[in-house]
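This is what each chain is made of:
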Amino acid sequence: QVQLVESGGGLVQAGGSLRLSCAASGRTFNSYTMGWFRQTPGKEREFVAGICGTGRSTYYADSVKDRFTISRDNAKNTLYLQMNSLKPEDAATYYCAADKPSFPGCTYPRRQREYDYWGQGTQVTVSS
């Protein structure tokens, strides 16, 4: 059982930056692939970024490449999302998620159904 708690959301002007954090419980955090998703009312939850257990491999949705950076500090059981050059279309509730892989190595999951644990979300608002 893994508990995830996001923080760091808020209101930012277009072009600005925010850093989201996700604090995780558990003793095996470094074995989980972690991801960030976002969702706006009436739309499907959208994959944003993922990071494999060791933190050595990251991957992103095309819409946020070169603007967002996902990272993790396994010693602190914490996941981060640095968001730069924010656009109004980035406004959403952001969720962190954990995937305990069924197979060795990283499978680079991008679908909501592939993740096992979810945080409660943190709201990001971007003004134009």
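Just above sits the structure.
Everything quoted here is computed from the prediction, not taken from an experiment.

The rules behind these values
- Residues numbered from 1 in each chain as written.
- Predicted model: local features only at pLDDT ≥ 70, side-chain atom pairs only at ≥ 80, totals over all residues.
- Heavy atoms only, no water.
- Pairing = 2+ DSSP bridges.
- Helix = DSSP H or I, 4+ residues; strand = E, 2+ residues; numbered from the N terminus.
- Axes fitted to C-alpha atoms, helices over the stretch in contact; angles between N-to-C directions.
- Core = buried A, V, L, I, M, F, W, Y, C linked by side-chain atoms within 4.5 Å.
- Buried < 20%, exposed > 50% of the residue type's maximum accessible area, 1.4 Å probe, protein only.
- Salt bridge = Lys/Arg side-chain N within 4 Å of Asp/Glu carboxyl O.
- Phe/Tyr/Trp six-rings, centres within 6.5 Å; stacked < 30°, edge-to-face > 60°.
- Lys NZ or Arg CZ within 6 Å of the ring centre and 35° of its normal.

Undergrad: What am I meant to see in the sheet that holds strand β1 (residues 4-7) here?
TA: Two orientations exist for strands paired in a sheet by backbone hydrogen bonds: parallel and antiparallel. Strands sit in the order β1-β3-β8-β7 across an open sheet of 4 strands; the sheet is antiparallel. Looking at which strands have only one partner, the edges of the open sheet turn out to be β1 and β7 (68-73). On average, each strand axis in the sheet is inclined to that of its neighbour by 15°, with strand direction left out of account. Where β1 meets strand β3 (residues 18-24), 4 bridges bridge the pair, whose relative direction is antiparallel. Opposite glutamate 6, over in β3, you have cysteine 22 as the bridge partner.

Undergrad: Looking at this structure, how should I read the nonpolar core?
TA: One recurring pattern in soluble globular proteins: nonpolar side chains tend to sit buried together. The biggest cluster of nonpolar side chains holds 35 residues, and the ones touching the most others in it are Leu4, Trp36, Leu81, Met83 and Tyr94. In terms of residue count, the dominant contributor to this core is strand β9 (residues 92-99) (5 residues).

Undergrad: Explanation requested: the pairing of strand β4 (residues 33-39) in the structure shown.
TA: On a regular strand, one side chain projects to one face of the sheet and the next to the other, so that they alternate. In terms of burial, β4 is largely enclosed, as 6 of its 7 residues are buried. Where β4 and β9 come together, 7 bridges link them in antiparallel fashion. Bridging from a neighbouring strand, glycine 35 pairs with alanine 97 of β9. Sheet topology places β4 next to strand β5 (residues 46-51); 5 bridges connect them, and they run antiparallel. Bridge assignment links arginine 38 to a residue of β5, and that residue is glutamate 46.

Undergrad: I'm lost on the pattern of salt bridges in this one. Help?
TA: Pairing is possible between side chains that carry opposite charge, provided their charged atoms lie close to one another. Per the counting criterion, the structure on display carries 4 salt bridges. The salt bridge involving arginine 38 is made with glutamate 46; its shortest N-O contact spans 2.9 Å. By relative accessible area, which is 7% here, arginine 38 ends up buried. For glutamate 46, a relative accessible area of 33% puts it in the partly exposed group.

Undergrad: What exactly am I supposed to notice about the packing of aromatic side chains here?
TA: By convention here, two paired aromatic rings are described through the distance between centres and the angle between planes. All told, the structure shown has 7 aromatic pairs when counted by the stated rule. Their ring planes at 15° and their centres at 5.4 Å tell us that phenylalanine 47 and tyrosine 59 sit as a pair that is stacked. Here phenylalanine 47 is found in strand β5, whereas its partner tyrosine 59 is found in strand β6 (residues 58-60), with 12 residues between them in sequence. In terms of burial, phenylalanine 47 and tyrosine 59 fall into one category: buried. One aromatic cluster is present, formed by Phe37, Phe47, Tyr59, Tyr108, Tyr115 and Trp118 through successive ring pairs. It is arginine 45 that lies over the ring of tyrosine 95; its NZ or CZ is 3.8 Å from the centre. Above the face of the tryptophan 118 ring, arginine 45 is positioned so that its terminal group lies 4.9 Å from the ring centre.

In short, shape yes, function no, at least from these values alone.
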